[in-house]
Amino acid sequence: MSEIVNNQKLVRDLEEKAKFIRLETVRLIDIAKSGHYTSVFSCAELFSVLYYHVMSVDPSNPDWEDRDRFVLSKGHAAVGLYPVLADHGFFPKEWLDSYTRVGSAFGDHPDMRKIPGIDFSSGSLGQGLSVSAGMAIGGKMSNKDYKVYCMLGDGELNEGQIWEAILSAANLQLNNLVAIVDRNQMSLDGFTEDIMPVNPIDQKFEAFGWETCHVDGHNLTDLVELFDKISSTKREKPLVIIADTLKGKGVEGMELNNDWHLGYLAEKDRKKVEEEIHRGLQSRT
C-alpha cells in the first residue's frame, strides 16, 4: 500500500513540474516576444519524468563524468528545458530573466558552452542522435554506466542522418542509448503524415535492430512505470520510446494547431493560457 501511495505522490509532483514547465515557457516567451510554445507543451511530461525521476545528474558538478546525458535534438524546445535546469540548481533562476536578450547565454536553442547542464548545442535538426550515439560509445569505451537519452521530434525523422545513426547504434549494440520520439504529429509545415509520412515508426526502428515501446507521453503514471521497467531491465540493443503526444498539449486552442508552431501571446491571451495551464490537464479529461 505504501508503494502505491508513494507512486501517487510522485505522479502528482511530476504533474506539478510539467505545469511549471508550461508556465515558465509562457513567461520566457513573453520576454522574447516569440517562441515555440507548442513544441514544449508536447514534451513537458517527458522533461518532468526524465529530470525529476529518471536521470542521474549533479547540479553542483555539471561535468560529472558519471552523469546521465540528455540530448535535446529538437533544440527549439530549449525554452522549456532551461527552467528545469534552473529549478535543479545548475544556475541561478534569475539568469532566465535575460532570456534572448543581447549578451544572454539563453537563446532559442541551447548552447553547451554557456549553459551548465546542457550536454549538446542542438538546433540543426537531425544531428542529435548521432551525437548521442557518440556519447554512448564513449561510455562503453570508458567503462561508465551512464545512460544517454536523446529526444527527437517526429518530423525530424525525415532527416537521413537520423537513420544513419539508428543503423550505427544497432550495429554497435549501444544498449546504453535511449531515444525518445516526441510523436506530437506535427512539424513546421503541417501534419507529419501529410508532409512526409513516418509511420510505422516502431517497425522501422525494429527493422534497423532496435527495441521499441509505445507510451502515452502525457500520462505520467504510464511514463513512471515504463522508465522504472527500463531501468531494471537488461538490454542488448538500443531502445526507442515512441511517446504519443499532442503538439500544444494543455492549451486547447493550441493543440494540433500549426499556427502556433512559432508565435506570441498578447497579454490578455497570455493570462487566459496561464489560467488554463493552472487548471491542469486533468480538468479536461
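For the structure, check the block above.
Note that residues are indexed from 1 along each chain, following the sequence as it is written. Confidence filtering applies because this is a predicted model: local features only for residues at pLDDT of at least 70, side-chain atom pairs given and counted only at 80 or more, and all residues used for totals across whole chains, interfaces and linings. In computing side-chain properties, one takes all heavy atoms of the structure into account and sets aside hydrogens as well as water.

A. Region of interest: the packing of aromatic side chains. Stacked, tilted and edge-to-face pairs are distinguished by plane angle, under 30 degrees for stacked and over 60 for edge-to-face with tilted covering the rest, among Phe, Tyr and Trp rings (Trp via its six-membered ring) whose centres lie within 6.5 Å. In the structure shown here, the tally under the stated rule is twelve aromatic pairs. Each ring, one from F47 and one from F70, has its centre 6.2 Å from the other, and the planes form 85°; the classification is edge-to-face. One end of the pair, F47, is in helix α3 (residues 44-54); the other, F70, is in strand β1 (residues 69-72), with 23 residues separating them in the sequence. On the accessibility criterion, F47 (0% relative accessible area) is buried. Secondary structure elements follow DSSP: runs of H or I of four or more residues count as helices, runs of E of two or more count as strands, with numbering from the N terminus. Burial classification: accessible surface area is computed with a 1.4 Å probe over protein chains only, and a residue below 20% of its type maximum counts as buried, one above 50% as exposed, and the rest as partly exposed.

B. Looking closely at the environment of V198. You can see V198 is positioned in the loop between α7 (192-195) and α8 (201-207). For V198, a relative accessible area of 4% corresponds to the buried category. Spatially, the C-alpha atom of V198 lies 15 Å from that of T245, the residues being 47 residues apart in sequence. Excluding its chain neighbours within four sequence positions, the residues that come into contact with V198 are D154, L157, N158, R183, T192, E193 and K204. Residue contacts are counted whenever heavy atoms from the two residues lie within 4.5 Å of one another.

C. Seen up close, the packing of α3 against helix α4 (residues 78-88). Between α3 and α4, the shortest axis-to-axis distance is 11 Å and the interhelical angle comes to 25°. Judged on the interaxial angle alone, α4 and α3 are roughly parallel. The hand of the α3/α4 crossing is right-handed. Counting all contacts with α3, which are made through F47, Y51 and Y52, the residues of α4 involved are G80, L81, V84, L85, D87 and H88. As a rule, the C-alpha atoms of each element are fitted with a line to give its axis, helices using only the stretch in contact, and angles between N-to-C directions run from 0 to 180 degrees. Any angle that falls under 35 degrees is termed roughly parallel, while one over 145 is termed roughly antiparallel, one within 65 to 115 roughly perpendicular, and all others oblique. Handedness of a crossing is defined here by the sense of rotation of the near helix relative to the far one, left-handed for an anticlockwise turn of less than a right angle and right-handed for a clockwise turn.

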